[in-house]
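If you want the building blocks of each chain, they are given just below.
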4 protein chains.
Amino acid sequence: MTIGILTSGGDCPGLNAVIRGAVIKGDRIYQERFVGIRDGWRGIVEDDVADLPRHDVRGLSRQGGTILGTSRTNPFEHGGSERVREVMQRHSMNALIAIGGEGTLTAARRLSDDGLPVVGVPKTIDNDLSATDYTFGFDTAVAIATESIDRLRTTAESHHRCMVVEVMGRHVGWIALHAGLASGAHAVLIPEIPVSLDQVCEWVRSAQSRGRAPVVVVAEGFIPAGEERATAPRGLDAFGRPRLGGIGETIAPMIEEQTGIETRTARLGHLQRGGVPTAYDRVLATRFGAAAIDAVIAERWGSMVSLSGESIVHVDLHAATTVLKTVPRERWDEAAILFG
Amino acid sequence: MTIGILTSGGDCPGLNAVIRGAVIKGDRIYQERFVGIRDGWRGIVEDDVADLPRHDVRGLSRQGGTILGTSRTNPFEHGGSERVREVMQRHSMNALIAIGGEGTLTAARRLSDDGLPVVGVPKTIDNDLSATDYTFGFDTAVAIATESIDRLRTTAESHHRCMVVEVMGRHVGWIALHAGLASGAHAVLIPEIPVSLDQVCEWVRSAQSRGRAPVVVVAEGFIPAGEERATAPRGLDAFGRPRLGGIGETIAPMIEEQTGIETRTARLGHLQRGGVPTAYDRVLATRFGAAAIDAVIAERWGSMVSLSGESIVHVDLHAATTVLKTVPRERWDEAAILFG
Amino acid sequence: MTIGILTSGGDCPGLNAVIRGAVIKGDRIYQERFVGIRDGWRGIVEDDVADLPRHDVRGLSRQGGTILGTSRTNPFEHGGSERVREVMQRHSMNALIAIGGEGTLTAARRLSDDGLPVVGVPKTIDNDLSATDYTFGFDTAVAIATESIDRLRTTAESHHRCMVVEVMGRHVGWIALHAGLASGAHAVLIPEIPVSLDQVCEWVRSAQSRGRAPVVVVAEGFIPAGEERATAPRGLDAFGRPRLGGIGETIAPMIEEQTGIETRTARLGHLQRGGVPTAYDRVLATRFGAAAIDAVIAERWGSMVSLSGESIVHVDLHAATTVLKTVPRERWDEAAILFG
Amino acid sequence: MTIGILTSGGDCPGLNAVIRGAVIKGDRIYQERFVGIRDGWRGIVEDDVADLPRHDVRGLSRQGGTILGTSRTNPFEHGGSERVREVMQRHSMNALIAIGGEGTLTAARRLSDDGLPVVGVPKTIDNDLSATDYTFGFDTAVAIATESIDRLRTTAESHHRCMVVEVMGRHVGWIALHAGLASGAHAVLIPEIPVSLDQVCEWVRSAQSRGRAPVVVVAEGFIPAGEERATAPRGLDAFGRPRLGGIGETIAPMIEEQTGIETRTARLGHLQRGGVPTAYDRVLATRFGAAAIDAVIAERWGSMVSLSGESIVHVDLHAATTVLKTVPRERWDEAAILFG
């Protein structure tokens, strides 16, 4: 049997560990042969497929990124099921394991609806997929953000400044919430919960009054309540085009202006996606990869692996790709008690 | 209201974060006053109690260990409920938060049965308490073990050796299982699953035949099936007393003898308990500490905080301290597929 | 004897270790009493001075930042030698240890010229002070930058992008050079060496042609040869004021435009200053602190501690504060051989 | 031109970075071809040589260990210069770069005396080679030891114990000295300086009297003054053979007996050799590798690269392999002031 694997969408710590888990189990137990599809769906569309021997996954669990590369290509914009079927046949692929986020899982669902033998592995560094308790990559992003905040903190305290740290989270605030809790931030601002600039400044002043250098963790998709201007393009770039800066850079001067406390920003950006994944993510990703093989052997096409409590289970892609898992009010309230 | 806090038993990453979570919430929301009981139950027994002002928990979430110190004193060997009641009254303690393992939670249960206002926070680096999905400290121990195995691996590969890494886990193999999975070990040996030395050597030879330096992760409480002599005292120490060495040091020469592959041991020991906790543990411990205050305010004496899925809940100490959470056969089988 | 200590200027990893080295040696050998001057020269000017007991330096070597705080106050803009003498007398200070960069060491020199008992400890994260082989903080900044580049790299490779990483170095390129060498960057751009955008693009294309994701490390003070517009204010900020962006953000779109390779930027900023210093810096800073006490005991006023080979020596502040230690052409050539 | 490379002796962080530095420079500037000799001199003796294309050194600077493997084979026990000449000719090797410790550099010297085109790169994790200011690997070993001591410390403090940490250093105490200084140890015991058990206990009691958990860092080759029995085999192993335990395990019970303070040991062992090298070591090793090519091009046979201040220089192997660089009395005295 020949199984194709692809990784699609944004990079995420643990992708390589998923690949390794699948290849080792498939090779060891079922003597499967694997082919790697390069750069996500692009590799299918452009028939860029190569052997993926067991030897290639040596030591992969501790390697960030994905050896298969990735892209944001959508197969349904390039021949859809027809093309996928064609390329799979050319390489005698009996199954396809698609590792990706909402877009990829949706494509996987459509393909399996059209009779193709596809299973999915969920990938979202934001932890916003409802159909699984956790996804790999999230713990690593939180760990990197927390470690960065720990570093930024000592400098802020030496200079008696307020530090605004912008982390990933365009639509949901899970990374901000967990990194803020872990690092003892004085305010955590997430897209789900409206918070006014006045409230932020109150927390900042409260921390400062206790002799602390205030730390504000803000998710990139947050908008201060009542501050619509924050969504407008901020400034112009070197080519004279409207420049979308970060929310951190936007609210920092506002905080400084209102509180009189010198305020700086740090935007963690791509740092949060890269490097060696945490042990937690390496375990989860490896288990996901091995479970994907179980789904293939059982011919559970149109399913996706998922974590439920301590067990890895299989859920229907139809159910999986609907609701965004946002931070519930109670979780934020639980953390907000420790703000200021 | 005055709340007493104590940390008892073995050190565990996250203890300070629990203390901080409780003190900040108690102070912030309820204006509670806190006293720290020194070195676990010893501080109650010997009336060694001091103020624990909010200021003392600054930056504590990233600090390993416990600022209150710990010991293995059992209050029921030193005056039991009488003594505890007496000292609590002397310091006007309205409640006691006991953070500890099975022994401490059992003592907490007995004290609350005798009418004392006690709540528990579970602590076990081995993750072997049934009544909670996870306990803080486990993720950090796994992370440290994994990072150490990553380091030991490059040297083993340069020298073409087999490396046996002994990790914590006297009765259960959770740390070994997770660290082994995360690091891609070729064999994971845990107390719950009987494995013969022959089988271990088979995995070792298999890894070597593929050009890898074999890595064996063994929990300290593992005994090779059929090797009762491994439980016997190994050798004598400098004072001529029987010396209990580690299981790693015992099986390494056995592996070398049987496979002909040079085999070395590393015993991680106390390293796994110390230093900055992972972000995951800092979040969980902080949430546990804050939830302990909720239990106190609600006067849920005889309860213990617990993690259930994503929520922090309260469970009865009576139910909590019974069954050891061992590694189920299926979890080990799932991992064993990747051995060799 | 009473010794005053202050830390001035930008935060730098190792400041706390210097303080600890001085206090422990002074207390241990000479029974000195210490007072901490808050926030650099501000503490002298505003007479904000407090006891600094031995107990306060516990565990300080591994703590980033400075417990004394810092500022950019210049004593010669606020009463100069008169004021310093006055405050020193008020607190019976027999000596003053000033830990800081060029500005602080210059002030220290002027004060000692005016007969005040001052010794200096050099601090520059950029490693640009000529009168010492190395200064503490530099190794940590390089380590943080290198670790960040390692992380950013795996994501860049997954997405086949070019990554431009901006590091500290307004006037000299030591951090960029060392971080670039350590991380295997394909181009290192520093203020000392003129390099055209064309050359940068050549290196980028060369790396990409070998299947690598190009990594460009650029010091913040670099300006592409012939690109004067890069020095002009780039764009406007949210308040409509000219906004000085980073050089990384400026050249990334230029590289993308010229090579056709998707190019992203990461600006490490304050991250490089904070957190636990490396072991190397903890050793050097501790040795500097202890040596400052030697200078005080020997009444070597107007001197500064310095590293020469393996030894800590004392040099005259007059000689010390003149020439900027820039990256010599040979060191950059040596590294440039590995570019592309 | 074809250049052979080998790495010999104990593993050391940075070996791969040396290989990479040499291959990239040789390939880039001189279009050299490289062959990798497997497992040190064994590969010459057994003619186990393979191509080493540029592609193989991708990302190597951050990889611990050596992709060429290593062994302790001595070529002069297996055919000496004759055999080396023979194999070099068979593979058309015009030059040989030998990366290793004292034994390897001595062999390199002998071979070049016999007219073979050999240059050396010094490797000693202990930093005990006189002919160079520093060798790569040392900083990493110190960093790992320091990080481990930081971790062990928090647990020791929670339990009010004394912790004895045994680090590498069979003949010299550089790693112990630097790790001890960096971590703020209360005693550092090294082979060069005689210290009695009484003195050690004095430092331990002194630290404890100030409320600290005493930390003793001991180099593996240390012997307490007057304690010859410590050199005798300690105990028996599982096969009934005399077992050489560690000095840490020997003195810990002695300290406990004499001071009454519960004392534990941690033996860091192989952990100190492995994993990602520090940025400092990656820079130094890369520079060494590139400089080895310079030596080859200049036909400086019988030379070894070396660090002198900030420059990489070439020294004669004859001068290089004589004197062990031990810790001078003044360096230890400088640190001892901070003990207790």
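All values reported here derive from a predicted model rather than from experimental measurement.

The rules we used
- Residues numbered from 1 in each chain as written.
- Chains lettered and ligands numbered in written order.
- Predicted model: local features only at pLDDT ≥ 70, side-chain atom pairs only at ≥ 80, totals over all residues.
- Heavy atoms only, no water.
- Buried < 20%, exposed > 50% of the residue type's maximum accessible area, 1.4 Å probe, protein only.
- Helix = DSSP H or I, 4+ residues; strand = E, 2+ residues; numbered from the N terminus.
- Pairing = 2+ DSSP bridges.
- UniProt positions renumbered as here; feature names shortened; annotations may be inferred.
- Phe/Tyr/Trp six-rings, centres within 6.5 Å; stacked < 30°, edge-to-face > 60°.
- Lys NZ or Arg CZ within 6 Å of the ring centre and 35° of its normal.
- Least-squares fit on C-alpha atoms with pLDDT ≥ 70 in both.
- Salt bridge = Lys/Arg side-chain N within 4 Å of Asp/Glu carboxyl O.
- Contact = heavy atoms within 4.5 Å.
- Buried area = accessible area lost by both parts, 1.4 Å probe.
- Polar contact = N/O pair within 3.5 Å; in protein donor to acceptor, adjacent residues only side chain to side chain.
- Axes fitted to C-alpha atoms, helices over the stretch in contact; angles between N-to-C directions.

Participant: Would you mind going over the pairing of strand β6 (residues 162-167) of chain B with me for this structure?
Facilitator: Remark: a regular strand shows side chains that alternate across the two faces of the sheet. All names here are of chain B. Burial runs high along β6: 6 of the 6 residues are buried. Alternating positions in β6 separate into two faces, C162, V164 and E166 on one and M163, V165 and V167 on the other, with burial throughout. Pairing of β6 with strand β9 (residues 263-267) involves 5 bridges; the strand directions are parallel. Paired with V165 across the bridge in β9 is A266. Across 5 bridges, β6 lies against strand β8 (residues 215-219) in parallel orientation. Residue pairing across strands places V167 opposite A219, the latter belonging to β8.

Participant: Mind showing me how you'd approach the UniProt feature "binding site: Mg(2+)" (unreviewed entry) in chain A here?
Facilitator: In this structure's numbering, the residues bearing the UniProt feature "binding site: Mg(2+)" (unreviewed entry) are A:E102. The topology assignment puts A:E102 in helix α4 (residues 102-113).

Participant: Where do I start with the packing of aromatic side chains in this structure?
Facilitator: Any pair of aromatic rings gets described here by the distance separating the centres and the angle formed by the planes. All chains considered together, the criterion is met by 26 aromatic pairs over all chains. Arranged with centres 6.2 Å apart and planes meeting at 65 degrees, the rings of D:W203 and D:W332 form a pair that is edge-to-face. Taken together, the residues D:W203 in helix α7 (residues 197-209) and D:W332 in helix α11 (residues 329-336) connect sequence positions 129 residues apart. Clustering of aromatic rings is evident, with ring pairs tying together A:Y134, A:F138, A:Y280, B:Y134, B:F138 and B:Y280. Cation over ring: A:R110 sits above A:F76, and NZ or CZ is 3.7 Å from the ring centre.

Participant: Looking at this model, I keep getting lost on the relation of the copies chain D and chain B. Mind explaining?
Facilitator: One chain copy maps onto the other through a rotation about an axis and a shift parallel to that axis. The operation relating chain D to chain B is a screw motion whose rotation component is 180 degrees, with 0.0 Å of axial translation and a residual RMSD of 0.0 Å. Taken together, the rotation and translation describe the operation of a two-fold axis.

Participant: What is the right way to read the pattern of salt bridges from this model?
Facilitator: When the charged atoms of two side chains lie near each other, side chains of opposite charge can form a pair. All names here are of chain D. Under the definition given, this model contains 88 salt bridges over all chains. A salt bridge links R329 to D333; the nearest nitrogen and oxygen atoms lie 3.1 Å apart. Taken together, the residues span about one helical turn, with R329 and D333 both in helix α11 at a distance of 4 residues.

Participant: What's the story with the interface of chain A and chain C in this structure? I'm lost.
Facilitator: Interface extent is often summarised as the accessible area lost during association of the parts. Listed as interface residues are 39 residues of chain A and, on the opposing side, 40 residues of chain C. Of the roughly 3200 Å² buried between chain A and chain C, counting both surfaces, carbon and sulfur atoms make up 57%. Our enumeration of links across chain A and chain C arrives at 2 salt bridges. One salt bridge in this structure joins A:R151 and C:E147, with 3.2 Å as the shortest N-O distance. Our count for the contact surface shared by chain A and chain C stands at 16 residue pairs in polar contact (both at pLDDT 80 or more).

Participant: Would you take a moment to explain the sheet that holds β8(B) for this structure?
Facilitator: Residue and element names in this part refer to chain B. In space, the 4 strands of this open sheet follow the order β7-β8-β6-β9, with parallel pairing throughout. Of all the strands in the sheet, the pair left with one neighbour each is β7 (187-189) and β9. The sheet shows a mean angle of 20 degrees between the axes of neighbouring strands, taken without regard to direction.

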